[in-house]
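Close look at the chain arrangement
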Amino acid sequence: GTMGMFLGLAVGMAATPPLVTAVGWTMTMVVYAVLSVLGALAFLLVVKERTKVNATVAHPPMSKLLGNRQLVWLFTASFMGLGFFNGFTTWLEPILAPHGFDAEKAGEVGGLLIVGGIIGSVVIPALSDVVRRRKPFLVLSVVCSLVLFAPVVTSQSTWVVMLTAAAM
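This section reports on the structure supplied with the text.

Conventions we followed
Residues numbered from 1 in each chain as written. Predicted model: local features only at pLDDT ≥ 70, side-chain atom pairs only at ≥ 80, totals over all residues. Heavy atoms only, no water. Helix = DSSP H or I, 4+ residues; strand = E, 2+ residues; numbered from the N terminus. Rg over C-alpha atoms; globule rule 2.2 N^0.38 Å. Buried < 20%, exposed > 50% of the residue type's maximum accessible area, 1.4 Å probe, protein only. Contact = heavy atoms within 4.5 Å. Areas by Shrake-Rupley, 256 points an atom, 1.4 Å probe, with all protein chains shown as cover. Salt bridge = Lys/Arg side-chain N within 4 Å of Asp/Glu carboxyl O.

What follows deals with the overall build of the chain. When helices and strands are counted, the chain shows 7 helices and 0 strands. Overall, the chain shows an N-to-C arrangement of helices and strands of α-α-α-α-α-α-α. Against the globule reference of 15 Å for 168 residues, the chain gives a C-alpha radius of gyration of 20 Å, more extended than a compact globule. Within the chain, the proportion of its 168 residues that are buried is 19%. Relative to all contacts within the chain whose residues are 6 or more apart in sequence, the contacts with residues 24 or more apart total 59%. Accessible surface, the chain: about 12,300 Å² in total, of which carbon and sulfur atoms supply 73%.

For the rest of this paragraph, the subject is the environment of glycine 117. By the secondary structure assignment, glycine 117 is in helix α5 (residues 103-131). A residue is classified by how much of its surface remains accessible, and glycine 117, at 37% relative accessible area, is partly exposed. Once the C-alpha coordinates of glycine 117 and phenylalanine 6 are considered, the two residues, 111 residues apart in sequence, prove to be 8.7 Å apart.

This model, assessed by the stated rule, comprises 2 salt bridges. One salt bridge in this structure joins glutamate 108 and lysine 105, with 3.4 Å as the shortest N-O distance. Taken together, the residues glutamate 108 and lysine 105, both in helix α5 and 3 residues apart, mark about one turn of the helix. Classification of glutamate 108 by relative accessible area gives partly exposed; the value is 32%. By relative accessible area, lysine 105 is classed as partly exposed at 31%. Of the charged contacts in the structure, one is a salt bridge between arginine 134 and aspartate 129, with a shortest N-O distance of 3.0 Å.

So, in structure tokens, the structure goes:
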């Protein structure tokens, strides 16, 4: 479900500029509305609700979770990373425009950011499971994203921007 959400986001970022150019804003919104209704209907027809719910699972109190320093660091890093990603993708077109990227190319870059993230979200945890360590992979992911940010926002080469965005 989560991967589908990100794939939809990637397709939406990449498909919107050419669709608007081809049919205009109003028709683009109609197309997305129809696709949303079809997706909701498909969900209703395909997904079945589980009848058994285990209500006896005990959950630790919030104070105990927030007392775990490493978990608080993870929450903070995740919050900052998601905020950065949302801000970056929101401002991607104006950031890339001075380097010769139009709305369509910026949408493609945004799509590659998301597709690369989906691939990374499958590959990195698998590698982490093999090594049986989490922290080095979390730190490496953050460091690589910070290092790869510079070429994405400064390069005028389409291929450099596309490849580093996917890797980021």
